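Residues per chain are reported as follows:
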Amino acid sequence: TGAERPPQAPESQAPERMAREADRAAPGGPRPPEPANEDRVIRMSEARERARFEDPDRWKPYAQAGTPVADGLDAIARRDPAFDARSFVEGAKQAYEMIVAAFAKGDRRALQPLLAKDVYDSFASAIAEREKRGEKAETTFVGIPDVKIERAALNGSVADVTLRLHAQFISAVRDASGAVVDGSPDTVADVRDLWTFSRDVTARDPNWKLIATQTGA
């Protein structure tokens, strides 16, 4: 009839139309769409990761930037963002104390989850020989005054970290009669070891295992 109202956009579309018109009217033309929350989280994570690896002091006091040890730690951290050198070293020191104590007691059950199979077999064999001779070991742990990261590498998904440990403990071995046949029950001994720990960084198990030892290094 000529008196009809002009067609209107559905109410549900009005806000979208207003937003488009506001974009066209804004200085500089249309604005880019806001990134989704997930995109912002990813970008922030990437920025933090870049900042982490650009920090020259990221591995102090265990490694200087640009050294083979730092490069190895970088490789491990890129595959396992949760890896932290300080936490690793503290955990390795605790593992060292547990392993030394368990070996002295002949506690095979405590040793098994901490050692790679060949290392466990070697420790178990030494315990069996000691038991066969009727000897008993006594060990009192004093502490670890110094520890350094000697090597670090990522081979595929397997991380290997070698520590040079300076440990102190009182250790003695007694025969069946109770006589001391090795060590001293009254003297604090300084021991220096190279221990290598390993872990598949893609595995769900967060624990590292001892895969190699060298005494007196």
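Reference entry: report on the structure contained in this document. (Residues numbered from 1 in each chain as written. Predicted model: local features only at pLDDT ≥ 70, side-chain atom pairs only at ≥ 80, totals over all residues. Heavy atoms only, no water.)

**Observations regarding helix 4 (residues 85-105)**
Here is step 1 of the chain: The terminal C-alpha atoms of helix 4, which comprises 21 residues, lie 30 Å apart, in line with the 30 Å expected from a rise of 1.5 Å per residue.
Here is step 2 of the chain: Every buried residue belonging to helix 4 is among A85, F88, V89, A92, A95, Y96, I99, V100, A102 and A104, and all of these are buried.
Here is step 3 of the chain: Tucked into the core, helix 4 has its buried residues touching helix 5 (108-111), helix 6 (117-132), strand 1 (136-155), strand 2 (158-174), strand 4 (189-200) and strand 5 (209-215).
Here is step 4 of the chain: Taking the backbone nitrogen of R86 as reference, a side-chain oxygen 3.3 Å away marks D84 as the first, capping residue of helix 4.
Here is step 5 of the chain: Immediately beyond the C-terminal end of helix 4, within one or two residues, lies G106, with a positive phi of roughly 75 degrees. (Helix = DSSP H or I, 4+ residues; strand = E, 2+ residues; numbered from the N terminus. Expected span 1.5 Å × (residues − 1). Buried < 20%, exposed > 50% of the residue type's maximum accessible area, 1.4 Å probe, protein only. Contact = heavy atoms within 4.5 Å. Polar contact = N/O pair within 3.5 Å; in protein donor to acceptor, adjacent residues only side chain to side chain.)

**Side note on the pattern of salt bridges**
Here is step 1 of the chain: Inspection of every chain in the model, using the stated rule, returns 10 salt bridges.
Here is step 2 of the chain: In this structure, the salt-bridge partner of R133 is E135, at a minimum N-O distance of 3.1 Å.
Here is step 3 of the chain: With a relative accessible area of 17%, E135 lands in the buried category. (Salt bridge = Lys/Arg side-chain N within 4 Å of Asp/Glu carboxyl O.)

**With respect to unusual backbone geometry**
Here is step 1 of the chain: A cis amide bond links K60 with the next residue in sequence, P61, at an omega value of 5 degrees.
Here is step 2 of the chain: Take P61: it is sitting in the loop between helix 2 (37-54) and helix 3 (68-79).

**Topic: the packing of aromatic side chains**
Here is step 1 of the chain: On inspection of all chains with the given rule, the structure shows 10 aromatic pairs.
Here is step 2 of the chain: A ring pair is formed by F88 and F197, whose centres lie 6.3 Å apart and whose planes are at 85 degrees; its orientation type is edge-to-face. Of this pair, F88 sits in helix 4 while F197 sits in strand 4, and the two are 109 residues apart along the sequence.
Here is step 3 of the chain: A relative accessible area of 8% means that F88 is categorised as buried.
Here is step 4 of the chain: Residues F141 and F169 carry aromatic rings whose centres are separated by 6.3 Å and whose planes lie at 20 degrees to one another, so their mutual orientation is stacked. Taken together, the residues span a long stretch of sequence, with F141 in strand 1 and F169 in strand 2 at a distance of 28 residues.
Here is step 5 of the chain: Overall, the relative accessible area of 10% leaves F169 in the buried class.
Here is step 6 of the chain: Following the ring pairs from residue to residue traces out a cluster consisting of W59, F83, F88, Y96, F141, F169, W195, F197 and W208. (Phe/Tyr/Trp six-rings, centres within 6.5 Å; stacked < 30°, edge-to-face > 60°.)

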